[in-house]
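A look at the structure
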Amino acid sequence: MSSDPPMPATFAASIAASLRSALANTPFAAEIPPGFTAQVDATQNRQFGDYQSNAAMILAKALKKNPREVAAAIVGAFAAEGLCEKPEIAGPGFINFRLTTSALTTRFGALLADEARLGVALTDTPKTIVLDFSAPNVAKPMHVGHIRSTILGDGLGRIAKFLGHRVISDNHIGDWGTQFGMILWGWKHLLDEAALEADPIPELLRVYREVNARTKEDESILEACKSELVALQGGDAGNLAIWERCVELSKSGLQKIYDLLEVSFDHWYGESYYNDRLAPLVDDLLASGIAEVSEGAVCVFFRDDEKLADKPAIIRKSDGGFLYATTDLATIDFRIQELGADAIWYVVGAPQQLHFEQIFTIAKRRGQDADFRHIAFGSILGKDRKMLKTRSGDTVQLADVLAESIERARAIIEEKNPELPEEEKAAIARVIGIGSVKYAELSQFRMTDYIFDWDTMLSLKGNTAPYLINAYVRTRAIFRKLGSGFGSSSGELVLTEEAEKELLLKLAQYAEIVPTILEDFRPNALAAYLYEVATTYHQFWEACPVLKVEGDIRHTRLALCELTGRVLRHGLGLLGIGTTERM
RNA sequence: GCAGCUGUAGCUCAACUGGAUAGAGCAUCUGACUACGGAUCAGAAGGUUUGGGGUUCGAAUCCCUACAGCUGCGCCA
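Residues numbered from 1 in each chain as written. Chains lettered and ligands numbered in written order. Predicted model: local features only at pLDDT ≥ 70, side-chain atom pairs only at ≥ 80, totals over all residues. Heavy atoms only, no water.

Let us look at the sheet that holds strand β2 (residues 51-53). Each strand in a sheet pairs with its neighbour through backbone hydrogen bonds, running either in the same direction (parallel) or in the opposite one (antiparallel). Taking strand neighbours across the sheet as the criterion, the four strands line up as β1-β2-β4-β3 in an open arrangement whose pairing is antiparallel. The open sheet is flanked by β1 (41-42) and β3 (88-90), the only strands paired with a single partner. Contacting β3 and β4 (94-97), helix α3 (residues 67-77) crosses the sheet at an angle of about 170° to β3. (Pairing = 2+ DSSP bridges. Helix = DSSP H or I, 4+ residues; strand = E, 2+ residues; numbered from the N terminus. Contact = heavy atoms within 4.5 Å. Axes fitted to C-alpha atoms, helices over the stretch in contact; angles between N-to-C directions.)

The next subject is the environment of cysteine 299. When you line up the elements, cysteine 299 lands in strand β8 (residues 297-300). Along the sequence, cysteine 299 and tryptophan 243 sit 56 residues apart, while their C-alpha atoms lie 30 Å from each other. Residues within four places of cysteine 299 in sequence aside, it is in contact with Ile290, Ala291, Glu292, Ser294, Pro312, Ala313 and Ile314.

We now examine the environment of leucine 442. Relative to the helices and strands, leucine 442 is located in helix α15 (residues 422-442). Placed 19 residues apart in sequence, leucine 442 and lysine 461 show a C-alpha to C-alpha distance of 17 Å. Residues contacting leucine 442, with those up to four places away along its chain left out, are Ile151, Leu152, Pro523, Asn524, Ala527 and Leu575.

This paragraph deals with helix α13 (residues 353-365). The terminal C-alpha atoms of α13, which comprises 13 residues, lie 18 Å apart, in line with the 18 Å expected from a rise of 1.5 Å per residue. Three or more residues of α13 are buried, namely His355, Phe356, Gln358, Ile359, Phe360, Ile362 and Ala363. The elements touched by buried residues of α13 are α11 (275-287), β8, β9 (313-316), α12 (324-337), β10 (343-347) and β11 (371-375). One or two positions beyond α13, positive phi appears at glycine 367, with a value near 85°. (Expected span 1.5 Å × (residues − 1). Buried < 20%, exposed > 50% of the residue type's maximum accessible area, 1.4 Å probe, protein only.)

Across all of its chains, the model carries one cavity of 30 Å³ or more by this definition. Taken together, Leu152, Glu441, Leu442, Gln444, Arg446, Phe521, Arg522, Pro523 and Asn524 form the lining of the largest cavity. Taken together, the residues that form the lining of the largest cavity break down as four nonpolar, two polar and three charged. (1 Å grid on protein atoms, 1.4 Å probe; cavity = no way out; pocket = protein on both sides within 12 Å on 5 of 7 lines; lining within 4 Å. Points joined across faces, edges and corners; volume = space filled by probe spheres on them. Nonpolar A, V, L, I, M, F, W, Y, C, P; charged D, E, K, R; others polar.)

Moving on: the domain arrangement of chain A. By the assigned domains, chain A splits into domain 1 (11-99) and domain 2 (179-261). A separation of 65 Å is found between the C-alpha centroids of domain 1 and domain 2. (Domains from an automatic or database assignment.)

Here we take up helix α1 (residues 11-24). Counted at 1.5 Å a residue, the expected span for α1 with its 14 residues is 20 Å, and the 20 Å between its end C-alpha atoms agrees. The complete set of buried residues in α1 reads Phe11, Ala12, Ile15, Ala16, Ser18, Leu19, Ala22 and Leu23. Taken down its axis, α1 places every buried residue within 165° of arc, on the same side. (Arc of directions from axis to C-beta.)

Moving on to the sheet that holds β8. Reading across the sheet, the three strands line up as β7-β8-β9 and stay open at both edges, with antiparallel pairing between neighbours. Among the strands making up the open sheet, the edge pair consists of β7 (291-294) and β9. Within this sheet the neighbouring strands show an average axis-to-axis angle of 45°, counted without direction. Pairing analysis gives three bridges linking β8 to β9, with the strands arranged antiparallel. Bridge pairing in β9 links valine 298 to arginine 316. The strands touched by α11 within the sheet are β7, β8 and β9, with β9 carrying the most contacts at an inclination of about 125°.

Of all five residues in strand β6 (residues 166-170), four are buried, a share of seventy percent or more. With five bridges joining them, strand β5 (residues 128-132) and β6 adopt parallel strand pairing. Counted as the bridge partner of threonine 128 is arginine 166 from β6. This β-α-β element, β5 to helix α5 (residues 145-162) to β6, shows right-handed connectivity. (Right-handed = clockwise from strand over helix to strand, strands pointing away.)

The full set close to RNA strand B counts 65 residues, and Asn96, Lys317, Gln353, Phe445 and Arg474 are the nearest of them. Of everything in RNA strand B that lies within 4 Å of the protein, sugar and phosphate atoms constitute 55%. When residues in the surface near RNA strand B are grouped by element, the largest group, eight residues, is from helix α17 (residues 465-482). Of the residues belonging to the surface near RNA strand B, the class tally is 31 nonpolar, 17 polar and 17 charged. (Near = heavy atom within 4 Å.)

All right, on to the side chain of lysine 506 then. Its place among the elements puts lysine 506 in helix α18 (residues 498-508). Here lysine 506 falls in the buried class, since its relative accessible area comes to 17%. Looking at lysine 506, its side chain comes within polar contact range of the side chain of glutamate 532, at 2.8 Å. (Polar contact = N/O pair within 3.5 Å; in protein donor to acceptor, adjacent residues only side chain to side chain.)

Turning to the nonpolar core, a few remarks are in order. Ranked by size, the top nonpolar core spans 130 residues in total, and within it Ile74 and Leu526 carry the most contacts. Each of domain 1 (11-99) and domain 2 (179-261) accounts for three or more of the residues forming this core. With near-sequence residues (within four places) excluded, leucine 526 lies in contact with Ile159, Tyr510, Ile513, Val514, Ile517, Gly571, Leu574 and Leu575. The next biggest cluster of nonpolar side chains, apart from the first, holds 33 residues, and it includes Ile290, Phe302, Leu339 and Tyr346. (Core = buried A, V, L, I, M, F, W, Y, C linked by side-chain atoms within 4.5 Å.)

Next up on the list: unusual backbone geometry. Unusually for a residue other than glycine, glutamate 262 sits at a positive phi of about 55°. One non-glycine residue with positive phi stands out, namely glutamate 295, at about 50°. Along the chain, glutamate 295 falls in the loop between β7 and β8. Exposure remark for glutamate 295: the relative accessible area of 81% places this residue in the exposed category.

Counted by the stated rule, this structure contains 36 salt bridges. For aspartate 371, the salt bridge is made with lysine 127, and the minimal N-O distance between the two is 3.3 Å. Of this pair, aspartate 371 sits in strand β11 while lysine 127 sits in the loop between α4 (101-113) and β5, placing them 244 residues apart in sequence. Given the relative accessible area of 27%, lysine 127 is considered partly exposed. Taking the shortest distance from any N to any O, the salt bridge between arginine 214 and glutamate 210 comes out at 3.3 Å. Taken together, the residues arginine 214 and glutamate 210, both in helix α8 (residues 200-217) and four residues apart, mark about one turn of the helix. Classification of arginine 214 by relative accessible area gives partly exposed; the value is 32%. (Salt bridge = Lys/Arg side-chain N within 4 Å of Asp/Glu carboxyl O.)

Turning next to the packing of aromatic side chains. For any pair of aromatic rings, the description consists of the separation of the ring centres together with the inter-plane angle of the planes. With the rule as written, the count across this model stands at 23 aromatic pairs. Look at phenylalanine 360 and phenylalanine 372: their rings are 5.2 Å apart centre to centre, the planes differ by 20°, and that puts the pair in the stacked class. Placement of phenylalanine 360 in helix α13 and of phenylalanine 372 in strand β11 is noted, with a sequence separation of 12 residues between them. Side by side, phenylalanine 360 and phenylalanine 372 carry an identical accessibility label, which is buried. Here the aromatic residues Phe133, Tyr258, Phe265 and Trp268 are joined through ring pairs into a cluster of three or more. Positioned above the aromatic ring of phenylalanine 11 is the side chain of arginine 107, whose terminal nitrogen or guanidinium carbon lies 5.9 Å from the ring centre. (Phe/Tyr/Trp six-rings, centres within 6.5 Å; stacked < 30°, edge-to-face > 60°. Lys NZ or Arg CZ within 6 Å of the ring centre and 35° of its normal.)

Okay, here's the thing in structure tokens:
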């Protein structure tokens, strides 16, 4: 690894650098606004070259000059140095760049030699990021609502880690709070020990639902639940023992789903972890004048913020109890002081936006300047555009979704490739089933509500996990046919066909896409890119026979297959999705 | 009432954060082949980007406004 030459900058970065020196050599160099940075983007349409810049048009506005004249001056000063052909000026003043074949070929070699990073640079500014996601409630099974947080959070964590950040994932489970009043009462009055032994989660759910229904009919049961809660919070040994057992059972049930999803956490600091820190925190906020007593409760007001002016945050109830705002503030203290967080990212649904605005505002008032982000997302709807429910009207459980997805994937494999060995079929069904659910989530912009549809997510066509995994399988199939793996020393790289160059350009752009994903937390941009890689590969596949040609051309095409496979596998890996060798 | 998010082809979604002719997939129609995995590729058709104003060389994107859907708003989490 260390003996390899350093990976050169991306095409976009190299062209931008040349553009900057060109700007410094124009007649109007002295007049360019100090904050201006010339942007270079991949073109949407190859008729405009490979990369384009709108720098001339933006500068023309600032300098009050004609955009095409500005562009001409820039092009005149531009030294391509073998990277691209002489830039062209087009339309209102775009500057278009077309890469040279030799630049593409050089990059090709470098990418092949960089199996670990595929050209992706580490961040210049590594941070310690505490990533808060998934966070299910104890004693209730995870339902589809947790899919988005879990999958998005895991994917973002993988990407951040790959870019060189220190990521600490923390599953902030709801293991404390008012729901335990009901659970305790139900445990004492309704629990079926045998059923609990056999399969704890469904039994806990049954008890919870039963109590919930009863409290709505009978006020006295609600009261009884409240006193169970008070006893628990007061340290009652019996209730604490039940609570502990309940949390343990729930955690082991949750772990099974995380294992299936291949999601893991560095910590599970649940809400209960912060119990002892709440009272001192509120005292501190009162003492510092950030919080005040209002109508018997301790509140923080945001009178100077127009949006929050009439929306105070309550951090201690008039009966002395604490709320989740209190816990979240204590959690911030812990994460900054003891985990060393520079950034705290919360992958939590959009409805909690107000809550996080309040929490972040309070934290800033306390002088905590970490990079706080609420990574919000919309909801999952059924085909009827309403919240996803089972036929009986219950919330859909995540475990059931995953099981069904694997089953459906299995049926497809059975139909398409019945001769595969049983064991392999099962393994493939798992990768495709889980991958399809994850990809359906990650390939869409997180804020839009999305419609959960088996046929769409498991389709072999279009922007789906099965299509991408199939593209990967095809890159492997060719080496199976060849009877050996890729050997980098078995020839020279010679790019002759347009389809080859187009594919290579696409593959080189992996290094440009990946670092942008965290800018606005858009893993769907990575998904869209991978889909383009797959379609570009298929086009190459149609246009360029591999095993029917010989010599350097065959070597080059095999290298393209190999590199495509690596990018697809790695990119899907960043999304938390596996690949298989056959399917 | 106040606030936030969303609104793009018949359907499901994109659009690199202000760039060129708004792109894909389903569904529909037309082509290509002993095909290295056809689980493919090429092409056609499909749009007043919810309506209306504004900002500028240029707007799906920014501002104002109306409408529609979802969500939240002092003692749940």
